[in-house]
Amino acid sequence: MRFRHGDGTTVHLAYCSNVHQAEDLDGVVGQLASHAEPVREALGADLLGIGLWLARDVVTELSARPGAVRRLRAELTSRGLETVTLNAFPYEGFHREVVKKDVYLPDWTDPARLRYTVDCARILAGLLPDDARRGSVSTLPLAWRTPWPAGARDTARRSLDRLAADLAEVERETGRAIRVGFEPEPGCVVENTVQAARELGGLDPERLGVCLDTCHLAVQFENPAQALRRLADAGLPVVKVQASSALQADDPTAPQARRALARFAEPRFLHQTRTAPGGVVSGVDDLPDALAGGLDPHSPWRVHFHAPLHAAPEPPLSTTAAELTTALRELLGGPQAVCDHVEVETYTWSVLPEHLRPRDREGLVAGIAAELAWSRARFEELGLAMTADTARPRKEPVT
């Protein structure tokens, strides 16, 4: 969906396809018909944005066959969909039985990460709608914090300089501007905006910046206004926002809260958990570690578990939806839009506690549509209006 900010900026709202298990091109195309188009129809929208996750094998196939990119773009257009952003954080295997820290591999010291990211940028240049101002690609915040040996920072920095040069070359070749945003995440080399300013400051601001995940921001107990000022002072643009909510337990000592939290301690993804007594943030790398006694239970916990935006879990747990709303106000509620790409990224539908999990495809479609409707309402509260040019595009032949 497209919205018009008061300053004239077109703000794109999408949902991220990494919620779907598809690691070949046929699977990616299939999810457009089975999920994305039905979500658009459920919303009553003429045009819906989808932030594609393209695994390494898909990117390799699309890079080798230019006709495949045209086919994917035609599929998007024919179904009333558009793509202005890619999620290139997961490299492959995002729906394996156990993912955990493997999601951070390869990291930015590995040339494979650079090649994959540049390939994603080239593909996105071919998918962008003709009237889109630019595209965005999100990626990991350098690496998981261990191991981070001596020299790793310099190696990564050289890769980022090369990335900026390669993005400039993509723009010269295609006429399309693509920016890459590094996504601070708890436990990584860059887990908050303080570290982002230190580790990423001085990069080419025309090509590189930050992807601000509002779940991660909340888990680190960061104030959105202060975080945005810090990034601006460091010359780091907010390339992309991932609209997401964390899980919260106000009283982790309560037996009912601990039982409820235990139902979210699942084996596939990492659920970093943080607390901040007296404003000092501390934490552990996974929710089971916190429940086993590794974290102070005498102040609220926030858990890196992307919770559905529109629905609170059963008490006594809650989410950081209020913090997300505050972040959106800071980003879009002022006289100028701080960012123009917003992506709803709740990839955890399949690992929610069983009684909260969608039972079938229709249930997942309804859940994603409800999240986007919630987000649309927040945009409208901030004075953004859906643009008149969201009329469904003319169908292109799918070849």
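Summarised in this report is the structure supplied together with it. (Residues numbered from 1 in each chain as written. Predicted model: local features only at pLDDT ≥ 70, side-chain atom pairs only at ≥ 80, totals over all residues. Heavy atoms only, no water.)

1. A closer look at the side chain of Asp285
To keep it simple, the criterion reads: Numbering of helices and strands runs from the N terminus, with a helix taken as a DSSP run of H or I at least four residues long and a strand as a DSSP run of E at least two residues long. Per-residue accessibility, obtained with a 1.4 Å probe over protein chains only, is compared with the maximum for each type, and a residue is labelled buried under 20%, exposed over 50%, and partly exposed between these values. The contact definition used throughout considers only heavy atoms, calling two residues in contact when any of these lie within 4.5 Å.
Among the structural elements, Asp285 can be located in the loop between strand 12 (282–284) and helix 10 (287–294). Judged by its relative accessible area of 18%, Asp285 is buried. If near-sequence neighbours (up to four positions away) are discounted, Asp285 is found in contact with Lys101, Trp144, Arg145, Leu270, His271 and Gln272.

2. Quick word on the packing of helix 1 (residues 25–43) against helix 12 (residues 361–381)
Counted only if it meets this: Between the N-to-C directions of two axes lies an angle of 0 to 180 degrees, each axis being a line fitted to C-alpha atoms and, for a helix, fitted only over the stretch in contact. Each angle receives one of four descriptions, namely roughly parallel if under 35 degrees, roughly antiparallel if over 145, roughly perpendicular if within 65 to 115, and oblique otherwise. Should the near helix be turned anticlockwise from the far one by less than a right angle, the crossing is termed left-handed; should it be turned clockwise, right-handed. Amino acid classes used here: Ala, Val, Leu, Ile, Met, Phe, Trp, Tyr, Cys and Pro are nonpolar; Asp, Glu, Lys and Arg are charged; the rest, including Gly, are polar.
Helix 12 packs onto helix 1 with a crossing angle of 50° between their chain directions and a minimal axis gap of 9 Å. Of the possible angle classes, the one that applies to helix 1 and helix 12 is oblique. Remark: the crossing between helix 1 and helix 12 carries right-handed chirality. Contacts between helix 1 and helix 12 involve Ser34, His35, Pro38, Val39, Ala42 and Leu43 on the former and, on the latter, Arg361, Leu364, Val365, Ile368, Ala369, Leu372, Ala373 and Arg376. Tallied by class, residues from the contact of helix 1 with helix 12 come to 10 nonpolar, two polar and two charged.

3. Regarding the pairing of strand 3 (residues 48–51)
The line we're drawing: For two strands to pair, DSSP has to find at least two bridges joining them.
Going residue by residue along strand 3, you find Leu48 and Ile50 tucked away on one face and Gly49 and Gly51 tucked away on the opposite face as well. Bridging between strand 2 (residues 10–16) and strand 3 involves three bridges; their strand directions are parallel. Residue pairing across strands places Ala14 opposite Gly49, the latter belonging to strand 3. Here strand 3 runs beside strand 4 (residues 81–82); their pairing, made up of two bridges, is parallel. Paired with Leu48 across the two strands is Leu81, which belongs to strand 4.

4. Observations regarding the pairing of strand 9 (residues 238–243)
As a general feature of sheets, a regular strand has side chains that alternate between the two faces. In terms of residue burial, strand 9 counts as a mostly covered element, since six of its six residues are buried. Of the pairings in the sheet, the one linking strand 8 (residues 208–213) to strand 9 comprises four bridges and is parallel in character. Among the inter-strand pairings, Asp213 is bridged to a residue of strand 9, identified as Gln242. Pairing between strand 9 and strand 15 (residues 341–344): three bridges, direction parallel. Among the inter-strand pairings, Ala243 is bridged to a residue of strand 15, identified as Val344.

5. Some points on helix 8 (residues 224–233)
Because the α-helix completes a turn every 3.6 residues, residues three or four places apart line up on one side. Rule in force here: The directions considered for the arc run from the helix axis to the C-beta atoms. For the purposes of these results, a polar contact is taken to be a pair of N or O atoms within 3.5 Å, where, inside protein, one atom must be able to donate a hydrogen and its partner to accept one; residues adjacent in sequence count only when each atom of the pair is a side-chain atom.
Buried within helix 8 we find Pro224, Ala225, Ala227, Leu228 and Leu231. The buried residues of helix 8 occupy an angular sector of 165° when the element is viewed end-on, so they sit on one face. The elements touched by buried residues of helix 8 are helix 6 (193–200), strand 8, helix 7 (214–219), strand 9 and helix 11 (321–332). The distance from a side-chain oxygen at the start of helix 8 to the backbone nitrogen of Ala225 is 3.0 Å, and the residue carrying that oxygen is Asn223.

6. Structural notes on the sheet that holds strand 14 (residues 317–319)
Taken in spatial order, the five strands of this open sheet run 12-11-13-10-14, and their pairing is antiparallel. Among the strands making up the open sheet, the edge pair consists of strand 12 and strand 14. In this sheet, neighbouring strand axes are inclined to one another by 30° on average, regardless of whether the strands run parallel or antiparallel. Bridge analysis of strand 10 (residues 245–249) against strand 14 gives three bridges, and the strand direction is antiparallel.

7. A short note on the packing of aromatic side chains
We count it as follows: Only rings of Phe, Tyr and Trp enter the pairing, Trp through its six-membered ring, and a pair is recorded when the two centres are within 6.5 Å. The plane angle decides the type: under 30 degrees is stacked, over 60 is edge-to-face, the rest tilted. Geometrically, a lysine NZ or arginine CZ counts as sitting over a ring once it is within 6 Å of the ring centre and also within 35 degrees of the ring normal.
On inspection of all chains with the given rule, the structure shows 10 aromatic pairs. A centroid spacing of 5.0 Å and a plane angle of 40° characterise the contact between Phe94 and Phe269, whose relative ring orientation is tilted. Here Phe269 lies in the loop between helix 9 (255–262) and strand 11 (273–275) and Phe94 lies in the loop between strand 5 (85–87) and helix 4 (111–127), a separation of 175 residues in the sequence. For Phe269, a relative accessible area of 3% puts it in the buried group. Aromatic rings pair up to connect Trp53, Phe94, Phe269 and Tyr347 into one cluster. Above the face of the Trp374 ring, Arg378 is positioned so that its terminal group lies 4.7 Å from the ring centre.

8. Some points on the pattern of salt bridges
Rules: Criterion for a salt bridge: a side-chain nitrogen of Lys or Arg within 4 Å of a carboxyl oxygen of Asp or Glu.
The final tally for this structure, using the stated rule, is 26 salt bridges. Where Arg96 meets Asp102, a salt bridge forms, and the shortest distance between an N and an O atom there is 3.1 Å. On the basis of relative accessible area, Asp102 is assigned to the partly exposed category, the value being 38%. By sharing partners, the salt bridges in this structure join Glu37, Arg40, Glu75 and Arg79 into a single network.

9. Some thoughts on the packing of helix 9 against helix 10
Look at helix 9 against helix 10: their axes get within 10 Å of each other, and the N-to-C directions meet at 150°. With respect to their mutual orientation, helix 9 and helix 10 come out roughly antiparallel. Crossing handedness for the pair helix 9 and helix 10: left-handed. Here helix 9 contributes Arg258, Leu261 and Ala262 to the contact with helix 10, which in turn contributes Leu287, Ala290 and Leu291. Considering only residue class, the contact of helix 9 with helix 10 consists of five nonpolar, no polar and one charged.

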